[in-house]
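Each chain is listed here by its residues.
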Amino acid sequence: IEIRHGAAVARWERMEAGWRAHLADGGVADADLVLVSIGAIAETAVAEASGLICLDGVVVDECCRTSAPDVYAIGDCASAFRGELRRHARIESVQNALAQARIAAAAIAGKNPPAPRPPTFWSEQHGRRLQMAGLVNPAQPSRDVLLPTAKGWLVERYQEGRLAAIEAVDSPVEFIKGVPRIGTPESLT
């Protein structure tokens, strides 16, 4: 596995032995097999037939309430307004589903919801720990700062003068320290 930072694919070429990615910087990358991950489409047929408002998932408010009284939705199907993105969006991660479960439970019990936290994601891939927190609005420019760490690296992504997200490879300590800084002005980070 080779990780290339900031590499953008300009076009794909089918080769006899596999695929060639022509990169925007003029470089190439050859592979036997290519996996393109584009996300999932929420299955909302039952929710729509029940009269729930759906927009790339079941639309929920900040307490995970749907458009129907006493009906809540959490997890991959829940489409909540994300201020960072300026639109409704689903977040497909176990951590998000757990956070939404706590929010919905508090609302059902008539309690104050837990303090909002940036969405987080993690995975283990080929012996590497990948961790991400926050959301980057793809419609806005981003200033990325790459910070090498003892065993890997961390990227801080700034948008509109604030730390919008962090992404880390094999840098759990730096990641944990960085998460609370998400949303703070760039001059304070």
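How each quantity is defined
- Residues numbered from 1 in each chain as written.
- Predicted model: local features only at pLDDT ≥ 70, side-chain atom pairs only at ≥ 80, totals over all residues.
- Heavy atoms only, no water.
- Patch = residues over 30% accessible without salt bridge, like charges linked within 9 Å, V, L, I, M, F, W, Y side chains within 5 Å.
- Areas by Shrake-Rupley, 256 points an atom, 1.4 Å probe, with all protein chains shown as cover.
- Salt bridge = Lys/Arg side-chain N within 4 Å of Asp/Glu carboxyl O.
- Helix = DSSP H or I, 4+ residues; strand = E, 2+ residues; numbered from the N terminus.
- Core = buried A, V, L, I, M, F, W, Y, C linked by side-chain atoms within 4.5 Å.
- Buried < 20%, exposed > 50% of the residue type's maximum accessible area, 1.4 Å probe, protein only.
- Contact = heavy atoms within 4.5 Å.
- Polar contact = N/O pair within 3.5 Å; in protein donor to acceptor, adjacent residues only side chain to side chain.
- Pairing = 2+ DSSP bridges.
- Axes fitted to C-alpha atoms, helices over the stretch in contact; angles between N-to-C directions.
- Disulfide = S-S within 2.5 Å.

Undergrad: Tell me about a nonpolar patch on the surface, and please be specific about residues and values.
TA: There is a patch of nonpolar side chains on the surface, built from Val9, Trp12 and Val36 and spanning about 290 Å² of accessible area. By the element assignment, Val36 lies in the loop between β3 (28–31) and α1 (45–49).

Undergrad: Any chance you could break down the nonpolar core for me, citing the residues and the numbers?
TA: Considering soluble globular proteins, one finds that nonpolar side chains tend to be buried as a cluster. Ala133, Val145, Leu154, Tyr158, Leu163, Ile166, Ala168, Phe175, Val179 and Ile182 together form the largest nonpolar core, which totals 10 residues. Contributions of two or more residues to this core are made by β10 (153–159) and β11 (162–169). In contact with Ala133, not counting residues within four places along its chain, are Pro119, Thr120, Ala164, Ala165, Ile166, Phe175, Val179 and Ile182. Among the nonpolar cores identified, the runner-up in size contains seven residues, and Ala47, Leu52, Ala73 and Ala78 belong to it.

Undergrad: Account for the side chain of Glu156, naming residues and giving values.
TA: With respect to the helices and strands, Glu156 occurs in strand β10. Polar contacts involving the side chain of Glu156 include one to the side chain of Tyr158, which spans 2.6 Å. Setting aside its immediate chain neighbours within four residues, Glu156 contacts Arg143, Asp144, Val145, Leu147, Leu163, Ala165, Ile166 and Arg181.

Undergrad: A description of the environment of Ser67 should follow, citing residues and the corresponding values.
TA: Of note, Ser67 is situated in the loop between β4 (58–60) and β5 (78–82). We classify Ser67 as partly exposed; its relative accessible area is 40%. Sequence-wise, Ser67 and Phe81 are 14 residues apart; in three dimensions their C-alpha atoms are separated by 14 Å. At 2.9 Å, the side chain of Ser67 forms a polar contact with the backbone nitrogen of Ile53.

Undergrad: Could you give me a rundown of the sheet that holds β4, with the residues and numbers involved?
TA: If you walk across this open sheet you meet the three strands as β4-β5-β6, and the pairing is mixed. Strands with a single pairing partner mark the edges of an open sheet, and in this sheet they are β4 and β6 (87–89). For this sheet, the mean inter-axis angle between neighbouring strands, taken without regard to orientation, is 40°. The pairing of β4 with β5 spans three bridges and is parallel.

Undergrad: Summarise the sheet that holds β10; cite the residues concerned and give the values.
TA: As summarised here, the arrangement of the five strands in space is β7-β8-β11-β10-β9, forming an open sheet in which the pairing is antiparallel. Among the strands making up the open sheet, the edge pair consists of β7 (120–125) and β9 (143–148). In this sheet, adjacent strand axes meet at a mean angle of 15° when their direction is disregarded. The pairing of β7 with strand β8 (residues 128–134) spans six bridges and is classified as antiparallel. Paired with Gln125 across the bridge in β8 is Arg128.

Undergrad: Which residues make up the state of the cysteines, and what values go with them?
TA: Under the counting rule described, the total for this entry stands at zero disulfides. Looking at Cys63, it has no disulfide partner, and the nearest cysteine sulfur is the one in Cys64, 7.4 Å off.

Undergrad: Tell me about unusual backbone geometry, and please be specific about residues and values.
TA: Even without being a glycine, Cys64 presents a positive backbone phi close to 70°. Overall, the relative accessible area of 3% leaves Cys64 in the buried class. Positive phi outside glycine occurs at Glu160, with the angle close to 50°. Within the secondary structure, Glu160 is located in the loop between β10 and β11. When its relative accessible area of 56% is taken as the criterion, Glu160 is described as exposed.

Undergrad: I'd like a description of the pattern of salt bridges, backed by residues and values.
TA: Per the stated rule, a full pass over the model turns up 11 salt bridges. In this structure, Asp61 engages Arg65 in a salt bridge whose closest nitrogen and oxygen atoms are separated by 2.8 Å. Owing to a relative accessible area of 25%, Asp61 belongs among the partly exposed residues under this scheme. Taking the relative accessible area as the measure of exposure, Arg65 reaches 33% and is therefore partly exposed. Residues Arg143 and Glu186 are paired through a salt bridge, measuring 2.1 Å at the closest nitrogen-oxygen approach. Within this pair, whereas Arg143 is found in strand β9, its partner Glu186 is found in the segment after α3 (172–178), the two being separated by 43 residues in sequence. The partly exposed category is assigned to Arg143, whose relative accessible area is 45%. What you see here is one network of salt bridges that share partners, running through Asp56, Arg90 and Glu92.

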